[in-house]
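Examining the three-dimensional arrangement
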Amino acid sequence: MSSYRTESRPPAEGERVEVESPNASSPTMNDTPLPLALSDAADFAARLNSAFSTSSTESNRSMGEESLRCRVAINNPYGLHMRPISAFVQAATRFQSRIFLWYDGRKADGRSQLDLMLLAVLPNSEVELEVQGPDASEAIQLLAGVLAAPEPDNPEPESLSPTA
Amino acid sequence: MRMSNFVVRESIIPALQATTKEGVIREMVLSLHQAGYFRDNELEDIVRAVMRREQIGSTGIGRGIAIPHTRHSGVDRLVGTLAISPAGVPFEAIDGENVYVFVLLISPQDRPGDHLRALENVVRTMKDDNFVRALRQADSREATWNLIDSAQPPWER
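The structure displayed is predicted, hence computed values, not measured ones.

Comments concerning the overall build of chain B
Of regular secondary structure, chain B possesses 6 helices and 5 strands. In chain B, the order of α-helices and β-strands from amino to carboxyl end is α-α-α-β-β-β-β-β-α-α-α. Here the C-alpha atoms of chain B give a radius of gyration of 14 Å, agreeing with the 15 Å that 2.2 N^0.38 yields for 157 residues. Dimensions of chain B along its principal axes, counting C-alpha atoms only, are 40 × 35 × 25 Å. The proportion of buried residues among the 157 residues of chain B is 44%. Within chain B, contacts between residues at least 6 apart in sequence are counted, and of these 69% link residues at least 24 apart.

Section: the nonpolar core
Note that soluble globular proteins tend to have their nonpolar side chains buried in a common cluster. Grouped together as the largest cluster of nonpolar side chains are 77 residues, with contacts concentrated most on Leu129 and Leu143 of chain A together with Phe102 of chain B. With 8 residues, the top contributor of residues to this core is strand β5 (residues 99-107) of chain B. With sequence-adjacent residues up to four places away left out, Phe102 of chain B is seen in contact with Val24, Met28, Ala66, Pro68, Leu82 and Ala83 of chain B.

Re the sheet that holds strand β4 (residues 126-132) of chain A
Residues and elements named next belong to chain A. Pairing within the open sheet is antiparallel, and its 4 strands lie in the order β1-β4-β2-β3. Of all strands in the sheet, those with a lone pairing partner are β1 (67-73) and β3 (106-109), marking the two edges. Across the sheet, the mean angle separating the axes of adjacent strands is 25 degrees when strand polarity is ignored. As judged from the 5 bridges shared by strand β2 (residues 98-103) and β4, these two strands associate in the antiparallel manner. Each bridged residue has a counterpart across the sheet, and for Arg98 the counterpart in β4 is Gln132.

A word on the packing of helix α2 (residues 21-34) of chain B against helix α3 (residues 43-56) of chain B
All names here are of chain B. Remark: α2 packs on α3, axes separated minimally by 10 Å, with the N-to-C direction vectors making an angle of 140 degrees. As far as their axial angle goes, α3 and α2 are oblique. Relative to α3, the crossing made by α2 is right-handed. Mapping the contact onto sequence places Lys21, Glu22, Ile25, Arg26, Val29, Leu30 and His33 in α2 and Leu43, Ile46, Val47, Val50, Met51 and Glu54 in α3. Tallied by class, residues from the contact of α2 with α3 come to 8 nonpolar, 1 polar and 4 charged.

Here's the deal with the environment of Thr144 of chain B
Residue and element names in this part refer to chain B. Within the secondary structure, Thr144 is located in helix α6 (residues 141-150). A sequence separation of 34 residues divides Thr144 from Asp110, and the C-alpha atoms of the two residues are 30 Å apart. The contacts of Thr144, once residues within four sequence positions are left out, are Ile12, Pro14, Leu82, Leu135 and Ala138.

Here we look at the environment of Gly105 of chain A
Residues and elements named next belong to chain A. Locating Gly105 in the fold gives a position in the loop between β2 and β3. For Gly105, a count of 17 C-beta atoms within 10 Å gives the class partly exposed. When the C-alpha positions of Gly105 and Val127 are compared, they lie 9.9 Å apart, and in sequence the two are 22 residues distant.

Description of the packing of helix α3 (residues 82-92) of chain A against helix α5 (residues 136-148) of chain A
All names here are of chain A. Where α3 meets α5, the axes come as close as 9 Å, and the angle between the chain directions of the two elements is 170 degrees. Relative to α5, α3 is oriented roughly antiparallel. Contact residues: Ala87, Phe88, Ala91 and Ala92 in α3; Leu142, Leu143, Val146 and Leu147 in α5.

With respect to α6 of chain B
All names here are of chain B. Looking only at α6, the buried set comprises Thr144, Trp145 and Ile148. Seen along its axis, α6 keeps its buried residues to an arc of 100 degrees; they face one direction. Projecting away from the buried face of α6 at angles above 90 degrees are the exposed residues Glu142 and Ser150. Looking at the buried positions of α6, the neighbouring elements they touch are α1 (3-6), β4 (79-89) and α5 (129-137).

Focus on the pairing of β2 of chain A
Walk down a regular strand and you will see the side chains alternate between the two sheet faces. Residue and element names in this part refer to chain A. Counted residue by residue, β2 has 5 buried out of 6 residues, so it is predominantly covered. Pairing geometry for β2 and β3, over 4 bridges, is antiparallel. Note that in β3 the partner of Tyr103 across the bridge is Arg106. Counting the residues that bridge the hairpin from β2 to β3 gives 2 residues, and of these Asp104 lies at a positive phi of roughly 55 degrees.

Conventions we followed
Residues numbered from 1 in each chain as written. Chains lettered and ligands numbered in written order. Predicted model: local features only at pLDDT ≥ 70, side-chain atom pairs only at ≥ 80, totals over all residues. Helix = DSSP H or I, 4+ residues; strand = E, 2+ residues; numbered from the N terminus. Rg over C-alpha atoms; globule rule 2.2 N^0.38 Å. Buried ≥ 20, exposed ≤ 12 C-beta atoms within 10 Å, placed from the backbone. Contact = placed C-beta atoms within 7 Å. Core = buried A, V, L, I, M, F, W, Y, C linked by C-beta atoms within 7 Å. Pairing = 2+ DSSP bridges. Axes fitted to C-alpha atoms, helices over the stretch in contact; angles between N-to-C directions. Parallel < 35°, antiparallel > 145°, perpendicular 65-115°, else oblique. Left-handed = near helix turned anticlockwise from the far one by under 90°. Nonpolar A, V, L, I, M, F, W, Y, C, P; charged D, E, K, R; others polar. Arc of directions from axis to C-beta.

Honestly, it's all geometry; don't read function into it.
Shown next, in the form of structure tokens:
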């Protein structure tokens, strides 16, 4: 569990980021201290849906920069290995919002497979999902679901392999 | 965890013969076998398991690097090998480029943490372009091993 310095590490207020405390808005670079629960996200979704079905750049801008966070339990028995990460990245690229994952005091770009692999998120752990942008509420709901899934939709060939 | 903790020194392949995805995987599995891993009758099954994983989505992570892997009951700890293809092999990597550096990982069924840390370790080590360049230029098993062995993360020094 060494804290490794990466360029994606939050700008040092000197200390490690407190992701443990549920409401902490971690000192990230672009952080708007708006820790919203997932229920709030649903609220936002309702309000934003009409505005973004046609998604004009103008309205994106005016509604932009919502910052939502939620904690997600990792139910995948193998943790966030390459396949769930690919599923997450694939889902994340469908949104305009900026997407980050926090784990063990480190932050990863939700669109970067390599960045996410560096987190080495273990099974039975928790991550914090942070989404900033015009489609944040929609994104956070979908992405939290992807993260929490026991295994991506694909079949699981390894576990089917015969025990020799 | 360091790469030299799971890469089996005697199985390193400094110049792959294979020119296809399956050929590379087979050559690497065989090399681990020759270094003393897996029973004869497990080899085909392991190759097939790694290939099935590739069919779901390539483990070519870009920048000429791939990490083919599977879980298999034929190992009781995580083992891996490293191979270099001087010519490069089409691997359907996410960036569409050929792959030159391969790290094969075979994990036991019940050690997900080791697998995750190995992935992390490979990605972290390979972020260094100079390291990857040096790996591709290494012309012997010893030279390759020495590079891997010296790739020591700062916090372990």
